[in-house]
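Examining the three-dimensional arrangement
What follows is the residue order along each chain.
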Number of protein chains: 4
Amino acid sequence: MQGIRGLFVPGPTNVPEAVRKAMDVPMEDHRSPDVPALVLPLFQDLKKVFRTETGQVFLFPATGTGGWEASITNTLSPGDKVLAPRFGQFSVLWVDLCQRLGLDVETLDCEWGTGVPLETVAERLMADKKHEIKAILACHNETATGVTSDIGGLRKVMDQCDHPALLYVDGISSIGSLEFRMEDWGVDLAVAGSQKGFMMPAGLALIGVSQKALEASKTAQLRRCYFDFKDMIATNATGYFPYTPPMHMLHGLRASLNRIEAEGLENIWGRHRFLAEGVRRAVAAWNLTLCAKEPKWHSDTVSAIVVPEGHDARKVIARAYERYGLSLGAGLSVVAGKVFRIGHLGDLNELMLMMALGGAEMSMRDVGLPIEAGSGVAAAEEFWRASNSRSMALAAE
Amino acid sequence: MQGIRGLFVPGPTNVPEAVRKAMDVPMEDHRSPDVPALVLPLFQDLKKVFRTETGQVFLFPATGTGGWEASITNTLSPGDKVLAPRFGQFSVLWVDLCQRLGLDVETLDCEWGTGVPLETVAERLMADKKHEIKAILACHNETATGVTSDIGGLRKVMDQCDHPALLYVDGISSIGSLEFRMEDWGVDLAVAGSQKGFMMPAGLALIGVSQKALEASKTAQLRRCYFDFKDMIATNATGYFPYTPPMHMLHGLRASLNRIEAEGLENIWGRHRFLAEGVRRAVAAWNLTLCAKEPKWHSDTVSAIVVPEGHDARKVIARAYERYGLSLGAGLSVVAGKVFRIGHLGDLNELMLMMALGGAEMSMRDVGLPIEAGSGVAAAEEFWRASNSRSMALAAE
Amino acid sequence: MQGIRGLFVPGPTNVPEAVRKAMDVPMEDHRSPDVPALVLPLFQDLKKVFRTETGQVFLFPATGTGGWEASITNTLSPGDKVLAPRFGQFSVLWVDLCQRLGLDVETLDCEWGTGVPLETVAERLMADKKHEIKAILACHNETATGVTSDIGGLRKVMDQCDHPALLYVDGISSIGSLEFRMEDWGVDLAVAGSQKGFMMPAGLALIGVSQKALEASKTAQLRRCYFDFKDMIATNATGYFPYTPPMHMLHGLRASLNRIEAEGLENIWGRHRFLAEGVRRAVAAWNLTLCAKEPKWHSDTVSAIVVPEGHDARKVIARAYERYGLSLGAGLSVVAGKVFRIGHLGDLNELMLMMALGGAEMSMRDVGLPIEAGSGVAAAEEFWRASNSRSMALAAE
Amino acid sequence: MQGIRGLFVPGPTNVPEAVRKAMDVPMEDHRSPDVPALVLPLFQDLKKVFRTETGQVFLFPATGTGGWEASITNTLSPGDKVLAPRFGQFSVLWVDLCQRLGLDVETLDCEWGTGVPLETVAERLMADKKHEIKAILACHNETATGVTSDIGGLRKVMDQCDHPALLYVDGISSIGSLEFRMEDWGVDLAVAGSQKGFMMPAGLALIGVSQKALEASKTAQLRRCYFDFKDMIATNATGYFPYTPPMHMLHGLRASLNRIEAEGLENIWGRHRFLAEGVRRAVAAWNLTLCAKEPKWHSDTVSAIVVPEGHDARKVIARAYERYGLSLGAGLSVVAGKVFRIGHLGDLNELMLMMALGGAEMSMRDVGLPIEAGSGVAAAEEFWRASNSRSMALAAE
């Protein structure tokens, strides 16, 4: 293919030059005296991204799924009851994982396009007088439907119910992109992955763990070894790992954290909101709707766009990829064929989104969707122009 | 800055990943036995790109200006008369170079926005009964104004006049992008640069030289050493250079030539025409005009767009760069402030041009140009969509 | 530091340029239609490296420890008895993992410096009339002591005893470097890691699984999800993964497998033997001994060198690293301070080993070891020179 | 080939990772407002490396030969007399260049293996009462023979003779590696190349020019355009170039200058002396001699080693390259076959030189030279060990 492709799936995201270069290193001895000077600050800086002061962050050579597994196996015991709202492909998979690991999962099934149902959760917690529920699983940003849930609100509900369950949050497509406050929101286990807001390839699971969860890990009975916090705690303290870490990923993470710090978390959150709103203006100009049912669910990292009745979103995606070199996200499971997704997270700016919007317009028209050429682009342009303060200029290179 | 920048100056152009990687090599002995296996095929394949079978191509570690100097100093003598149409910044500079090197330059000054005036040249050649004119200098693609001249037509004029002058062509922003036929058009000296159609950084001047010009070099009296064809002829024959070549550039050129061969020269010319036409449709939809006075002058590698009276193109360019991370080309010399340029050459596709068009629309509106949001993008989209045969899919990766 | 460092730990190993470049890619959609063309051949080619025709190879985003866990949890059930010879740090850790996952491990403790004790295993299997032993764990190459065990011999013992236990082999520091024949040797689960013979960073666990083991996985009761073969089997069949794979590692693996195929497995085994023997000649010339007790245990991927009584190997290692930029492997656990290790596996040649030998000589003399300057280098030189057939020239670039 | 090659020609030298990465950049607009922030500090920092405060440094996209031509054509006029000691291939070529450019060159031919003959020069200058000699050309480090001349001494001679000639110094293989003091030594034109002490690929000629030489350039009559100081002076002042510069080389130069500054010029000079002395000890232990006739001529960047009568140095070089992947420098012109060269300049340390010495030992023995295995390595080891202060540790990464 001539020229670059446009990557607008909601992860893996575009890897900045600086991160790519940082990852492209000669190998080195992972037990050398120089390693702690790299590793120890990573843990410190990750705490800032997770927004936790009292918690600890772990790094596992694994994907987000591995992060889910680590968070569960280290803190729960066979047969433990967990409460899990379910409203998209990733909350579905998380529940499946818990079941296969031997937990007693009670799901709260909600319409896809909605998020964590705070009132229902409140009712259920209130009813759980014996505190049989050991854990609540909340998908902060359901990547399949483009829905962001209110984790701070969930914490309030838990507090109001005075319920001692641990709060597990899947922040894979939110942490580093959307507002996330582990400490303030009382999150006990927060799972992130390297290939989203951290702007790296997949391969690192990052897990923020509260003191309460660390305490729980001392008695949790689920079997584990690779993902055991204990070995990490022992070796991380001196700047090492219990097994050979992917050194290139650690160097990449260093560069990623440098960029995050340079831009500033609040600025990053703001940039994602600003860019996402432009995309939403385009969707409205196309007379299309989002999978997310209400504005309060709107995700700033991914928009799942519903194609009109009688059209197949898969055709849009295939056309975009084959004719224009544009990668859009597919609809998963029950929304397959009904939505296509534009990921707008990570290392991104207005100009890049022109590729997504222009390419989507051409592709939709090519396969017969009743979209006006240029309409979405125009709407996004006008929104982005309105802000004179250049979002992307907020941070120095 | 977050995300990538958009590079749409008419050179340097975007360097493909494969070329970047090919250039990023450990150094090696430039006199090793392995070097000829790299170097000799470069010369063979360059001849295909220049479309010459009987000529020879030289590679100098220099820029296009160095290519001009090499072509002149190797083939002319002090005081030689050369005829040079002049209609843009680069034809101006080439004339200046000739004068400083001691030639007697007769210029044919034309309006900027036009190209080589075939009839005027014909008249002048006809009048030159004594064949005092030793050389004709023609800028194939005047990058400053986005004007492509008719070199094949110029050759016909020379033939009709039966004039023996050498034909020098500045193909810096055309060779490898626009139709160019050195052999068929009887070009004697064709100068290209690595940073345009060859999709590399600046640093290599590539010069196609006809047998007639090589013959002329044996008696040419202008002083030269670094740029002497003679040393190149002697060492290139065995796959080496008279001095240490930039090995990384040679490896990059190998990757560049591989891409060119994979796509096919005719396909490359077609892709440039196709992408350029989309840009011109956008310009028309904006109700703006090109600097090129007539369609026959339209360049497929760069469009110089005239801003309306009372507006300053420099503001558009500054806004695009500072607010949106978009590099547009400036108006040079007498058209400074009057035009901005969109380079559309090299490793490019429709999706990437969305960045240029969308970014230009936002920038123009930001500084007050009476442009309708989305109009240019829509026009380009509709043009590009009309072709179902994906231009960018013509060549395998 | 000026210049390059010398990396001679037994993993991570030196990553060749071609593999580094292959890993340094823009991200892409892991669900795109182009992914299977990358992924499916990886599995085919990995089977060649594992030397299995009937088995299946799995790729997990994890380290070798994760590979151990995957092999165990997919094929065994809580309380299953496994027989595990133990004679070095890595066999110790593997046993620990099994115990933590809930198995009943019976260890055969042997002197460090020896390997799998075939006769003892035979006796034990003979005694196991009820076939209570479900698995035998064998460390093919014990990286801590530089000992290679006879896996083919172990299979013969198992066959002679007509014992149905599954044979698990830790081939992390052997597969891709030492002779390994999964099919011929009847290995049921063979674990490799990307950072050794595959010449990549850590981050991929590669597991060869026999049909017998796949059958066992259908009823195995240990809990698993991330490492579940089942999800891999379902998605790998079409060229995908159950979760986001580290695409850059897959591209790196492609380049690694290309190199392996270009050199040829037998040539790779031969090269490792040839280079290792040079190192052993150097050790002999230094009047030092190897940790491996007998020549039959000599590892061709790592030599653990015993320092004389009264000296501390840690000082040699520290001096080498700090003064000369040379990374040597440390003695682990009970041999800490007693040995230092030279890793000689992966992308290596005689010239590179000059760094290891010369650097080791200087470092040993610096800290007072009674070594003659140049003696080891001379011995290695003379051995390597004796072979006129250049080991490193066996494969094309 | 497996593993890395050893590059020990006296240029191109090994490019450090940091420089390679800095050069591997996306292209950018060379006229963008961000360019001066890159370019202006380059000129400032280059002055520090040339050790000039009142002079100006120019950067041309060219090789060292282009640097020679630029220095000559900008400051001399046709027929000017220049005095040029000649004692090696590069001083020979420089004289040739001057002659082809139209100068009247008076050579002082000296035995190869010696350098600038101060007394002879003094005599000649004394005799030049009319000051007909306009320029003295001195090769600071004759790369072909490994001879360093005394430029400070030459200046003293010129001063003692009160001679106004301009002093031209070829510092291509010395500047950035050997002690060089443009200001103190009154050098008027100092030529360097990117591929030696600057640790980059070839492609940049760097020229230090004194105020006296800049003054001379105003009236010098040799023809020039590409290499004209005037255009550079005009555009460099604001941080730009008169034509498209190789942006990647400018970024590489930035990284190179960062490394030079981090290590410190005096430390760099010291490291080169230290490493070179180890090589010389090895040569002595081999019972071989250097081409340089006396210790005062010994170059710290390259050693030209004479093979014994009856042997052919070309065989050593061929064997080293083909069997061991080691690039040694060839003997040029009259010393072809008589010497092989070990370049020891740039980004280098003791460990890397083990490759050169060990590989040279094997190769020499392979082709029958009466060298004792390990003898040179041992001698170098003992010399380098003697210094406890780690040369390569002097500068932070």
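Predicted model only: the values in this text are computed from it and were never measured. (Residues numbered from 1 in each chain as written. Chains lettered and ligands numbered in written order. Predicted model: local features only at pLDDT ≥ 70, side-chain atom pairs only at ≥ 80, totals over all residues.)

With that settled, the discussion passes to the overall build of chain A. When helices and strands are tallied, chain A shows 13 helices and 14 strands. Against the 2.2 N^0.38 benchmark of 21 Å for 397 residues, chain A shows a C-alpha radius of gyration of 21 Å, consistent with a compact globule. Dimensions of chain A along its principal axes, counting C-alpha atoms only, are 60 × 55 × 35 Å. The buried share of chain A, reckoned over its 397 residues, is 63%. Taking the contacts inside chain A whose residues are at least 6 apart along the sequence as the reference set, 75% of them involve residues at least 24 apart. (Helix = DSSP H or I, 4+ residues; strand = E, 2+ residues; numbered from the N terminus. Rg over C-alpha atoms; globule rule 2.2 N^0.38 Å. Buried ≥ 20, exposed ≤ 12 C-beta atoms within 10 Å, placed from the backbone. Contact = placed C-beta atoms within 7 Å.)

Along the chain, the position of Gln195(A) falls in the loop between strand 9 (189-193) and strand 10 (204-209). Separated by 108 residues in the primary sequence, Gln195(A) and Phe87(A) have C-alpha atoms spaced 22 Å apart. Setting aside residues no more than four positions away along its own chain, Gln195(A) makes contact with Gly11(A), Pro12(A), Thr13(A), Met200(A), Pro201(A), Ala202(A) and Thr244(C).

This part is about the relation of the copies chain D and chain B. Each copy of the sequence occupies a distinct position, and chain D is placed on chain B by a rotation of 180° and an axial shift of 0.0 Å, giving an RMSD of 0.0 Å. These values place the two chain copies in the arrangement generated by a two-fold rotation axis. Residue Ala62(D), judged by its C-alpha, is the member of chain D lying nearest the rotation axis, at 2.7 Å. Same-surface contact between copies: 100% of interface residues of chain D are shared with the interface of chain B. (Least-squares fit on C-alpha atoms with pLDDT ≥ 70 in both.)

Our focus in this paragraph is the interface of chain D and chain B. Chain D puts 45 residues into the contact, and the matching count from chain B is 45 residues. Every element with two or more residues in the side of chain D that touches chain B is listed here: helix 3 (64-73), helix 4 (89-100), helix 9 (247-263) and strand 13 (326-330) of chain D. When its residues are assigned to classes, the side of chain D that touches chain B shows 22 nonpolar, 15 polar and 8 charged. (Nonpolar A, V, L, I, M, F, W, Y, C, P; charged D, E, K, R; others polar.)

Another aspect to go through is the relation of the copies chain A and chain C. Overlaying chain A on chain C yields an RMSD of 0.0 Å, the required transformation being a rotation through 180° with an accompanying axial translation of 0.0 Å. Mapped onto chain C, 100% of the interface residues of chain A again fall at the interface, so both copies present the same surface.

Turning our eyes to something else, we now look at the UniProt feature "binding site: substrate" (unreviewed entry) in chain A. All names here are of chain A. UniProt records the feature "binding site: substrate" (unreviewed entry) at Arg341, using the numbering of this structure. Counting through the fold element by element, arginine 341 comes out in strand 14 (residues 339-343). Accessibility expressed as a C-beta count within 10 Å gives 26 for arginine 341, which makes it buried. Excluding anything up to four places from it in sequence, arginine 341 contacts Pro10, Gly146, Val302, Ser303, Ala304, Ile305, Leu328 and Gly329. (UniProt positions renumbered as here; feature names shortened; annotations may be inferred.)

Let us now look at the interface of chain A and chain C. In this assembly, 45 residues from chain A lie in contact with 45 residues from chain C. Residue assignment for the side of chain A that touches chain C shows that the elements contributing at least two residues are helix 3 (64-73), helix 4 (89-100), helix 9 (247-263) and strand 13 (326-330) of chain A. The element best represented in the side of chain A that touches chain C is helix 3 of chain A, accounting for 4 residues. Grouping the constituent residues of the side of chain A that touches chain C by class yields 22 nonpolar, 15 polar and 8 charged.

Residues and elements named next belong to chain C. Among the residues of helix 8 (residues 229-236), those classed as buried are Phe229, Met232 and Asn236. What you see down the axis of helix 8 is that its buried residues fit within an arc of 65°, all on one side. Buried residues along helix 8 sit in contact with helix 2 (35-50), strand 2 (56-61), strand 10 (204-209) and helix 7 (211-217). (Arc of directions from axis to C-beta.)

Quick look at the pairing of strand 12 (residues 302-306) of chain B now. Residue and element names in this part refer to chain B. With 4 of its 5 residues buried, strand 12 lies for the most part within the structure. Note: strand 11 (residues 289-290) against strand 12, 2 bridges, orientation antiparallel. Each residue of the ladder has a partner; that of leucine 290, found in strand 12, is isoleucine 305. With 5 bridges connecting them, strand 12 and strand 14 (residues 339-343) associate as antiparallel partners. (Pairing = 2+ DSSP bridges.)

Moving on, we come to the sheet that holds strand 12 (residues 302-306) of chain C. Residue and element names in this part refer to chain C. Read from one edge to the other, the open sheet built from 5 strands follows the order 1-13-14-12-11, with strand pairing classed as mixed. For this open sheet the edge positions go to strand 1 (6-8) and strand 11 (289-290), each flanked by a neighbour on one side alone. Those strands touched by helix 11 (residues 313-324) are strand 13 (326-330) and strand 14 (339-343), and its axis lies near 160° from that of strand 13. Those strands touched by helix 12 (residues 350-366) are strand 1, strand 13 and strand 14, and its axis lies near 80° from that of strand 13. (Axes fitted to C-alpha atoms, helices over the stretch in contact; angles between N-to-C directions.)

It is worth spelling out the packing of helix 5 (residues 118-127) of chain A against helix 6 (residues 151-160) of chain A at this point. Residues and elements named next belong to chain A. Orientation of helix 5 relative to helix 6, taken along the N-to-C sense of each, is 25°, at an axis distance of 9 Å. Classed by the angle they form, the pair helix 5 and helix 6 counts as roughly parallel. Both helix 5 and helix 6 take part in a crossing whose hand is right-handed. Residue-level contacts link Leu118, Val121, Ala122 and Leu125 of helix 5 to Gly153, Leu154, Val157, Met158 and Gln160 of helix 6. (Parallel < 35°, antiparallel > 145°, perpendicular 65-115°, else oblique. Left-handed = near helix turned anticlockwise from the far one by under 90°.)

Here the focus is the sheet that holds strand 2 of chain C. All names here are of chain C. Strand order in the open sheet made by the 7 strands is 2-10-9-8-5-3-4, with mixed pairing throughout. Where the open sheet ends on each side, the last strands, each with one partner, are strand 2 and strand 4 (104-109). Within this sheet the neighbouring strands show an average axis-to-axis angle of 20°, counted without direction. For strand 2 and strand 10, the ladder comprises 6 bridges, and the chain directions are antiparallel. What sits directly across from leucine 59, in strand 10, is leucine 206.

All right, on to the UniProt feature "domain: Aminotransferase class V" (unreviewed entry) in chain A then. The UniProt record marks residues 69-335 of chain A with the feature "domain: Aminotransferase class V" (unreviewed entry), using the residue numbering of this structure. Taken end to end, residues 69-335 of chain A comprises 38% helix and 19% strand; its first and last C-alpha atoms sit 26 Å apart.

The next point concerns the domain arrangement of chain A. Residues and elements named next belong to chain A. As assigned here, chain A comprises domain 1 (6-12 + 265-393) and domain 2 (18-262). Going through the elements one at a time, helix 10 (265-285) and strand 12 (302-306) are the ones with two or more residues in the side of domain 1 that touches domain 2. The element contributing the most residues to the side of domain 1 that touches domain 2 is helix 10, with 4 residues. Its residues assigned to classes, the side of domain 1 that touches domain 2 shows 15 nonpolar, 8 polar and 4 charged. (Domains from an automatic or database assignment.)

In helix packing, the relevant descriptors are the interaxial angle and the interaxial distance, both defined with respect to the helix axes. Residues and elements named next belong to chain D. Interhelical geometry of helix 10 (residues 265-285) versus helix 12 (residues 350-366) gives an angle of 30° and a closest axis separation of 11 Å. Classified by the angle between their axes, helix 10 and helix 12 sit roughly parallel to one another. Crossing hand, helix 10 versus helix 12: right-handed. Here Leu275, Gly278, Val279 and Ala282 of helix 10 come into contact with helix 12, specifically with Glu350, Leu353 and Leu357.

Turning our attention to the pairing of strand 14 of chain A. All names here are of chain A. Where burial is concerned, most of strand 14 is hidden: 5 out of the 5 residues are buried. Here strand 14 shows two buried faces, one formed by Val339, Arg341 and Gly343 and the other by Phe340 and Ile342. As defined by bridge partners, strand 13 adjoins strand 14 across 2 bridges and the pair is classed as antiparallel. Each residue of the ladder has a partner; that of glycine 329, found in strand 14, is arginine 341.

As a further point, take unusual backbone geometry. A negative phi holds for most residues other than glycine; trans holds for most peptide bonds. Residue and element names in this part refer to chain B. With an omega of 5°, the peptide bond running from glycine 11 to proline 12 counts as cis. In this structure, proline 12 sits in the loop between strand 1 (6-8) and helix 1 (17-23). The phi dihedral of aspartate 162 falls on the positive side, at around 55°, and the residue is not glycine. Considering the arrangement of structural elements, one finds aspartate 162 in the loop between helix 6 (151-160) and strand 8 (166-170).

Before going further, it helps to examine the confidence of the model for chain A. Residue and element names in this part refer to chain A. Per-residue pLDDT for chain A averages 96, and the proportion of residues at 70 or more is 97%. Counting interchain partners and residues more than four positions distant, the pLDDT-below-50 stretch residues 391-397 has 20 contacts. Predicted complex, confidence summary: ipTM 0.97, pTM 0.97. (pLDDT = per-residue confidence, 0-100.)

Another point: the environment of Asn267(A). Structurally, the position occupied by Asn267(A) is in helix 10. Between the C-alpha atom of Asn267(A) and that of Asn14(A), which follows or precedes it by 253 residues, the distance is 18 Å.

Right, let's get into the environment of Gln99(B). Examined against the element boundaries, Gln99(B) turns out to sit in helix 4 (residues 89-100). Sequence-wise, Gln99(B) and Phe60(B) are 39 residues apart; in three dimensions their C-alpha atoms are separated by 22 Å.

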